[in-house]
Amino acid sequence: MNARARMLEGAMPWCFVAGILVIWEATCRLFSIPTFLLPSPSDVAASIAKWSGPILENAGFTLLSTLIGFALAVAAGLIIGVAIGSSRLIYRGLFPVLVAFNSVPKVAVVPVFVIWFGAGTIPAVLTAFMVSFFPIAVNMATGLATVEPELLDVLRALGATRRDILAKVGMPRSMPYFFASLKVAITLAFVGTIISETVASRHGIGFLMMSATSNFDTPLVFGGLAVTSVMGVVLYALFALIERRTTFWSQRDGGLLSAT
């Protein structure tokens, strides 16, 4: 890929975002849409500037709760994913339980967390954990389970133990799956935190948005959404960068995307 193509590829996301904002602004002004129904991007930007202090303060609470819940999900997902992916017995026994766990509506669980731990940070952390745990565990298990049987036979013939195969082949081969799950899970963790904060919390972007909704301050609601989106994109990009640095061996320039 030449320098011009790389520059064009880097500019494309900004061009799409700018185009969406221009169309959004023009639509609101052309059809005179009331601000409390759909604020224009300029109204949202003005609201963010006006309430920058409370937005930053509450964004800090949301980010902290999300990162704690996400860190717990990564630790638990790695352990359970490795256990499921490396043992057929554990897979058959535990995987249906994980599916049932993931099928539970997270909104319905938040009031239970509030009863147990009270309104605040702990329910938000637990909700973020519940939402982001499943994709990490499943992707790790998938990465381990997709190691070629022929490769395993060769390694066993060479005297490799089960632990050697897991540490030197299974785990490295699972890293692309693992980082793919992290990029999905971090965005889901924000969803879980916001859900909990809107139900029962005195801090966070979710609480700020609910307070703004009760006052019909729709630009502030959109401002909260925008700030949450920015935090999600930044963390997604961070994990994508770490993925490129650590699993560069699994990435190739060819493929479907390179043909366009």
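Residues numbered from 1 in each chain as written. Predicted model: local features only at pLDDT ≥ 70, side-chain atom pairs only at ≥ 80, totals over all residues. Heavy atoms only, no water.

Remarks on the packing of aromatic side chains
(1) Moving on: Applying the stated rule across the entire model yields eight aromatic pairs.
(2) Moving on: Centre to centre, the rings of Phe 113 and Trp 116 are 6.2 Å apart; their planes meet at 55°, and the pair counts as tilted. Here the residue Phe 113 and the residue Trp 116 both occupy positions in helix 5 (residues 106-117), the gap between them amounting to three residues, near one helical turn.
(3) Moving on: For Phe 113, a relative accessible area of 8% gives the class buried.
(4) Moving on: Taking relative accessible area as the criterion, Trp 116 reaches 58% and is therefore assigned exposed.
(5) Moving on: Among the aromatic residues, those joined into a ring-pair cluster are Phe 101, Phe 129 and Phe 133. (Phe/Tyr/Trp six-rings, centres within 6.5 Å; stacked < 30°, edge-to-face > 60°. Helix = DSSP H or I, 4+ residues; strand = E, 2+ residues; numbered from the N terminus. Buried < 20%, exposed > 50% of the residue type's maximum accessible area, 1.4 Å probe, protein only.)

What about the pattern of salt bridges?
Any two side chains of opposite charge can pair, so long as their charged atoms come close to each other.
(1) Moving on: A full pass over the atoms with the stated rule returns two salt bridges.
(2) Moving on: Linking Arg 29 and Glu 25 is a salt bridge whose minimum nitrogen-to-oxygen distance equals 2.6 Å. Of this pair, Arg 29 and Glu 25 both sit in helix 1 (residues 3-30), four residues apart, roughly one helical turn.
(3) Moving on: Among the ionic pairs, Glu 243 bridges to Lys 183, the shortest N-O distance being 2.8 Å. With Glu 243 in helix 10 (residues 218-246) and Lys 183 in helix 8 (residues 162-199), the pair connects residues that are 60 residues apart, well separated along the chain. The pair Glu 243 / Lys 183 is uniform in exposure class, with both members buried. (Salt bridge = Lys/Arg side-chain N within 4 Å of Asp/Glu carboxyl O.)

Observations regarding the UniProt feature "transmembrane region" (unreviewed entry) in the protein
(1) Moving on: What UniProt calls "transmembrane region" (unreviewed entry) maps, in this numbering, to residues 12-32, 61-85, 97-119, 125-147, 177-200 and 220-242.
(2) Moving on: Span residues 12-32 is 90% helix and 0% strand, its end C-alpha atoms 30 Å apart.
(3) Moving on: Note that residues 220-242 is 100% helix and 0% strand, and that its end C-alpha atoms are spaced 33 Å apart. (UniProt positions renumbered as here; feature names shortened; annotations may be inferred.)

Here's the deal with a nonpolar patch on the surface
(1) Moving on: Together, Val 112, Ile 115, Trp 116, Phe 117 and Ile 122 give the surface a local cluster of nonpolar side chains, amounting to about 550 Å² of exposed area.
(2) Moving on: Considering every element that reaches the nonpolar patch, the biggest residue donor is helix 5, with four residues.
(3) Moving on: As for its placement among the helices and strands, Val 112 is situated in helix 5.
(4) Moving on: Assessed through its relative accessible area of 32%, Val 112 is described here as partly exposed. (Patch = residues over 30% accessible without salt bridge, like charges linked within 9 Å, V, L, I, M, F, W, Y side chains within 5 Å. Areas by Shrake-Rupley, 256 points an atom, 1.4 Å probe, with all protein chains shown as cover.)

Observations regarding the environment of Ser 40
(1) Moving on: Mapped onto the elements, Ser 40 comes out in the loop between helix 1 and helix 2 (41-50).
(2) Moving on: We classify Ser 40 as buried; its relative accessible area is 5%.
(3) Moving on: Setting aside its immediate chain neighbours within four residues, Ser 40 contacts Trp 24, Glu 25 and Cys 28.
(4) Moving on: Within the local environment of Ser 40, its side chain forms a polar contact with the side chain of Ser 42, the two groups lying 2.9 Å apart. (Contact = heavy atoms within 4.5 Å. Polar contact = N/O pair within 3.5 Å; in protein donor to acceptor, adjacent residues only side chain to side chain.)

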